[in-house]
Amino acid sequence: MNTDRIEKTEYTKMIANYHTHTWRCNHAFGVEKQYIENAIAGGLQILGFSDHTPYYFPNGYIARDKMLPSQLEDYVDTVLRLRDEYRDDIEIHLGLEAEYYPEIWEGLLELIEPYPIEYLLLGQHYIHNEYEGDSYNGKPGHGEEDLLLYCRQCIEAVKTGKFLYFAHPDLLNYCGDPALYVEEMTKMCRFCREYGIPLEFNLLGVRQTRNYPSKIFWRIAAQEGNTVIYGSDAHRPQHVINPDVVRKADRLLALYGIPRERLLMTMPL
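Residues numbered from 1 in each chain as written. Predicted model: local features only at pLDDT ≥ 70, side-chain atom pairs only at ≥ 80, totals over all residues. Heavy atoms only, no water.

Asks: Provide a residue-level description of the overall build of the chain, including the pertinent values.
Replies: Within the chain, the secondary structure is distributed over 8 helices and 8 strands. The globule rule puts the C-alpha radius of gyration for 269 residues at 18 Å, and the 18 Å found for the chain is close to it. With the principal axes as the frame, the chain shows a C-alpha extent of 55 × 50 × 30 Å. Each of the 269 residues in the chain was classed as buried or not, and the buried ones make up 57%. (Helix = DSSP H or I, 4+ residues; strand = E, 2+ residues; numbered from the N terminus. Rg over C-alpha atoms; globule rule 2.2 N^0.38 Å. Buried < 20%, exposed > 50% of the residue type's maximum accessible area, 1.4 Å probe, protein only.)

Shown next, in the form of structure tokens:
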């Protein structure tokens, strides 16, 4: 576990963001250079690209919110070329944001194995294996069965040892028994803490006032002692770093009871 912590400042001075998307996922905008130049202008020292990973889905299913397997090589080549071009200005890393889909997990590992992928972020946008018709976890209306599966699947993902951290762990838009939510999310947060996996406080959710960050979830994380990292989840160049959003996130962390000393500045790669 990295020991870098935030300094006591008026607001958190982000120096690293590992959660950055590209146009290939079909819902992000701008080109990689724009993200990098905004990161430099905003004072970031480390920028990690982590676009939505491609999968070979069965039955002809194609995900509309992820890059295609045929785009992976260009993604890798582009990030590596820009890493070299900007090496004197900023530290750039190559990652992917991935779900844990049990039926096609080994296929994903085989797909990315030839490439110098430095890290994976766990972003569990769907339960089961997605192609079976599952609805997006951020969509309202998920009940108790979905909660149980979400927590179990995410714990299984962490057990693989393949993920750097857990992106927007509070994504599930739950509408069932609050007591069950507390019980299951407590188990999940406790497991992540014991396994040494930080939880991402997602700045896209902060910026757009989504169902996450969830007050209930983060109060659980505060009680369980989880470490936290900010992730910009940038889908536009101007969202790579935004001090106003970071200030709001700082206030929310304090409100939810997360001590500032548990907020990580960087991750080991």
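Asks: Please give an account of the state of the cysteines that cites residues and values.
Replies: Under the defined criterion, the tally for this structure stands at 0 disulfides. Among the cysteines around C151, which has no disulfide bond, C154 carries the closest sulfur, lying 6.8 Å off. Residue C189 stays outside any disulfide, its sulfur separated by 6.6 Å from that of C192, the closest cysteine. Accessibility expressed as a relative area gives 1% for C189, which makes it buried. (Disulfide = S-S within 2.5 Å.)

Asks: Outline the layout of surface pockets, listing residues and values.
Replies: Considered as a void within the structure, the largest pocket measures approximately 290 Å³ in volume. Broken down by element, the lining of the largest pocket gets its largest block of residues, 3 residues, from helix α6 (residues 203-208). A breakdown of the residues in the lining of the largest pocket according to their chemical character gives 6 nonpolar, 8 polar and 8 charged. (1 Å grid on protein atoms, 1.4 Å probe; cavity = no way out; pocket = protein on both sides within 12 Å on 5 of 7 lines; lining within 4 Å. Points joined across faces, edges and corners; volume = space filled by probe spheres on them. Nonpolar A, V, L, I, M, F, W, Y, C, P; charged D, E, K, R; others polar.)

Asks: Explain empty space enclosed by the protein residue by residue, including any values.
Replies: Scanning all chains against the criterion turns up 2 cavities of 30 Å³ or more. Considered as a void within the structure, the largest cavity measures approximately 50 Å³ in volume. Every residue lining the largest cavity is counted, 10 residues in all, and those nearest its centre are M14, A16, Y230, L264 and M265. Of all the secondary structure elements, the ones that give two or more residues to the lining of the largest cavity are β7 (228-231) and β8 (263-264). Residue composition of the lining of the largest cavity, by class: 9 nonpolar, 1 polar and no charged. Size it by volume and the second largest cavity reaches roughly 30 Å³. Lining the second largest cavity are L203, R207, S232, H239, V240, I241, N242, V245 and V246. The set of elements that each furnish at least two residues to the lining of the second largest cavity consists of α6 and α8 (243-256).

Asks: Break down the packing of helix α1 (residues 32-41) against helix α2 (residues 72-85) for me, with residues and values.
Replies: Interhelical geometry of α1 versus α2 gives an angle of 40° and a closest axis separation of 11 Å. By the angle class used here, α1 and α2 are oblique. Crossing handedness for the pair α1 and α2: right-handed. Where α1 abuts α2, its residues E32, K33 and I36 lie against T78, L82 and E85. (Axes fitted to C-alpha atoms, helices over the stretch in contact; angles between N-to-C directions. Parallel < 35°, antiparallel > 145°, perpendicular 65-115°, else oblique. Left-handed = near helix turned anticlockwise from the far one by under 90°. Contact = heavy atoms within 4.5 Å.)

Asks: If you had to explain the packing of helix α5 (residues 178-195) against helix α7 (residues 215-224) to someone new, which residues and values would you point to?
Replies: At a minimum axis separation of 9 Å, α5 and α7 run at an interaxial angle of 45°. Relative to α7, the element α5 is oriented oblique. With respect to the hand of their crossing, α5 and α7 are arranged in right-handed fashion. Contacts between α5 and α7 involve Y181, V182, M185, T186, M188, C189, R190 and R193 from the former and I216, F217, I220, A221 and E224 from the latter. Here the residues of the contact of α5 with α7 sort into 9 nonpolar, 1 polar and 3 charged.

Asks: Quick one: what's the story with the environment of E103, residue by residue and with numbers?
Replies: Inspection of the secondary structure puts E103 in the loop between β3 (91-98) and α3 (105-112). Along the chain, E103 and F57 lie 46 residues apart, while their C-alpha atoms are 9.5 Å from each other. Those residues in contact with E103 that lie beyond four places of it in its chain are N129, Y131 and E132. A polar atom in the side chain of E103 sits 2.2 Å from the side chain of Y131. (Polar contact = N/O pair within 3.5 Å; in protein donor to acceptor, adjacent residues only side chain to side chain.)

Asks: Lay out the pattern of salt bridges in plain terms, naming residues and giving numbers.
Replies: Going through the model one piece at a time under the given rule, you end up with 14 salt bridges. In this structure, E99 engages K66 in a salt bridge whose closest nitrogen and oxygen atoms are separated by 3.5 Å. Taken together, the positions of E99 in the loop between β3 and α3 and K66 in the loop between β2 (46-52) and α2 put the pair 33 residues apart, joining distant regions of the chain. You can call E99 buried: its relative accessible area is 1%. Where E224 meets R190, a salt bridge forms, and the shortest distance between an N and an O atom there is 2.9 Å. Of this pair, E224 sits in helix α7 while R190 is found in helix α5, placing the two residues 34 residues apart along the sequence. For E224, a relative accessible area of 10% translates into the label buried. Of the residues examined, R190 reaches a relative accessible area of 37% and is grouped as partly exposed. One salt-bridge network, in which partners are shared between bridges, spans D65, K66, E99 and E130. (Salt bridge = Lys/Arg side-chain N within 4 Å of Asp/Glu carboxyl O.)

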